Amino acid sequence: MPRLRPVLATLLAAFVGSASLLLAPPAQAAASDADLAYRWAPVHYQDSSANYYTADYLAPVNYDGDWNTLNNWDNLDANTTRLTGTVYYSVAETATHWYITYAFYHPRDWKDYPLNLFSHENDMEGQVEVVRKDGSQYGTLQAVVSLAHDNFYSYTPPGSPFTNGRESIDGSVVMQNHDGAAHPTSFQEARGHGAYAWNGGEFPGGDGIVYKPSRTGGSVPTGGNDRDARYGLVDLTASDSLWGRRNNTETYASWGVFRGDNGKDNSARAPWTWDDMNDGSDLQAGALVTDPAYLVSKYFGNTGDLSLTYLRNPYRG
């Protein structure tokens, strides 16, 4: 009998090990960029002008059927049924964080007289979300940095450890439930389309469009006060998208600058050239998406073990 004890122990250990494998939860698959972008896609509050609300609809850059951005202003009125809600995204990753860019496009940045001298063809503003990799499939949102008129604004959601850094935190991110998860919210002005965090209030003037992310594609709003519109997500780094076409002279007048000849010429910028004009000489144009880890490490304090080394970044190499 004593001789059998080691054998029985070995068999028992093998049985317990097999049972543990059978009962263990399956390994969690890594989230794709598309899934990450959808999980953290903002519920978007787009203010609209009663004078010309279709110019405030979100749209794809090639909404009119071509990539010639010199005709996007002129084609707007004839193609309002093609202004399908669209938001462009990209993802960069370090060992500690994901950085998800969301870019909102409008064919016109327009002002009322006497400010119409500052209008321009094409308009792209947006935000970068900072998501901590905490072992869960989609991580935890820690910060948002948005672009409005050549200035960056920084925000944190409830529970974020981030504090003021080189820049002061401008406000809080309001979270809103959509499709079974809490999503950040965002806001854009009418006409000029500066992008900020939504403050939880009503639209200025009382009318506006609420866009919610959709896996099945966007919709054209029913008017300037549609509270249940949808937008689809498009990878801006795909070969047939904005970054893939970065050297195409039909779309760009210079590096990251859309061609435009209405109002102020060539005045709209793609995300890789977004810039805050006074946040330090070490943060050059485009850093918000080309080196978001470094920018976030400077903009905020108490960022912990935030890594500055990219596992992948579509704008770097």
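Not measured: the values here are computed from a predicted model.

*Asks:* When you look at the layout of surface pockets in this model, what are you seeing that I'm missing?
*Replies:* Any empty space left between atoms is shown by rolling a water-sized probe over those atoms. In this structure, the largest pocket encloses a volume near 490 Å³. Lining the largest pocket are 20 residues; nearest its centre among them are H120, E125, H149, D150 and S267. Ranked by residues supplied to the lining of the largest pocket, first place goes to strand β4 (residues 120–132) with 4 residues.

*Asks:* Sorry, what's going on with helix α4 (residues 292–299) here?
*Replies:* It helps to recall that an α-helix has 3.6 residues per turn; residues three or four apart then point in one direction. Among the residues of α4, those classed as buried are P292, A293, L295, V296 and Y299. Projection of α4 onto a plane perpendicular to its axis shows the buried side chains occupying an angular sector of 165 degrees, all on one side.

*Asks:* Help me understand the nonpolar core, please; the structure alone is not making it clear to me.
*Replies:* The biggest cluster of nonpolar side chains holds 77 residues, and the ones touching the most others in it are Y102, M124, L242 and W272. The greatest single-element share of this core, amounting to 7 residues, is contributed by strand β3 (residues 97–109).

*Asks:* Which parts of the structure should I look at to understand empty space enclosed by the protein?
*Replies:* Counting across every chain of the model gives 1 cavity of 30 Å³ or more. Reported here for the largest cavity is a volume of approximately 30 Å³. Lining of the largest cavity is provided by S90, V91, A92, Y99, T101, L288, V289, P292 and Y315. Put simply, the parts of the chain that give the lining of the largest cavity at least two residues each are β2 (86–94), β3 and α3 (287–290). Looking at the lining of the largest cavity element by element, the count peaks at 3 residues for β2. Here the lining of the largest cavity is built from residues that sort into 7 nonpolar, 2 polar and no charged.

*Asks:* Would you explain the pairing of β2 in this entry?
*Replies:* Regular strands show a simple pattern: their side chains alternate between the two faces of the sheet. Most of β2 sits inside the fold, with 9 of its 9 residues counted as buried. Going residue by residue along β2, you find T86, Y88, S90, A92 and T94 tucked away on one face and V87, Y89, V91 and E93 tucked away on the opposite face as well. As judged from the 4 bridges shared by β2 and strand β13 (residues 229–235), these two strands associate in the parallel manner. When the bridges of β13 are listed, Y89 appears paired with D235. Bridge count between β2 and β3: 7 bridges; the pairing is antiparallel. Each residue of the ladder has a partner; that of S90, found in β3, is T101. A loop of 2 residues connects β2 with β3, the two strands running antiparallel in sequence. In this sheet, strand β17 (residues 310–312) lies alongside β2 in antiparallel orientation, the contact comprising 2 bridges. If you follow E93 over to β17, its bridge partner there is R312.

*Asks:* Before we go on, may I ask you to explain the pairing of strand β12 (residues 208–213) in this structure?
*Replies:* With 6 of its 6 residues buried, β12 lies for the most part within the structure. What you see with β12 is no split at all: G208, V210 and K212 on one side and I209, Y211 and P213 on the other are buried throughout. Examined bridge by bridge, strand β1 (residues 43–47) and β12 share 4 bridges and lie antiparallel to one another. Of the residues in β12, the one forming a bridge with Q46 is I209. Pairing analysis gives 3 bridges linking β12 to β13, with the strands arranged parallel. Bridge pairing links P213 to Y231 in β13.

Reading the values: rules and limits
Residues numbered from 1 in each chain as written. Predicted model: local features only at pLDDT ≥ 70, side-chain atom pairs only at ≥ 80, totals over all residues. Heavy atoms only, no water. 1 Å grid on protein atoms, 1.4 Å probe; cavity = no way out; pocket = protein on both sides within 12 Å on 5 of 7 lines; lining within 4 Å. Points joined across faces, edges and corners; volume = space filled by probe spheres on them. Helix = DSSP H or I, 4+ residues; strand = E, 2+ residues; numbered from the N terminus. Buried < 20%, exposed > 50% of the residue type's maximum accessible area, 1.4 Å probe, protein only. Arc of directions from axis to C-beta. Core = buried A, V, L, I, M, F, W, Y, C linked by side-chain atoms within 4.5 Å. Nonpolar A, V, L, I, M, F, W, Y, C, P; charged D, E, K, R; others polar. Pairing = 2+ DSSP bridges.

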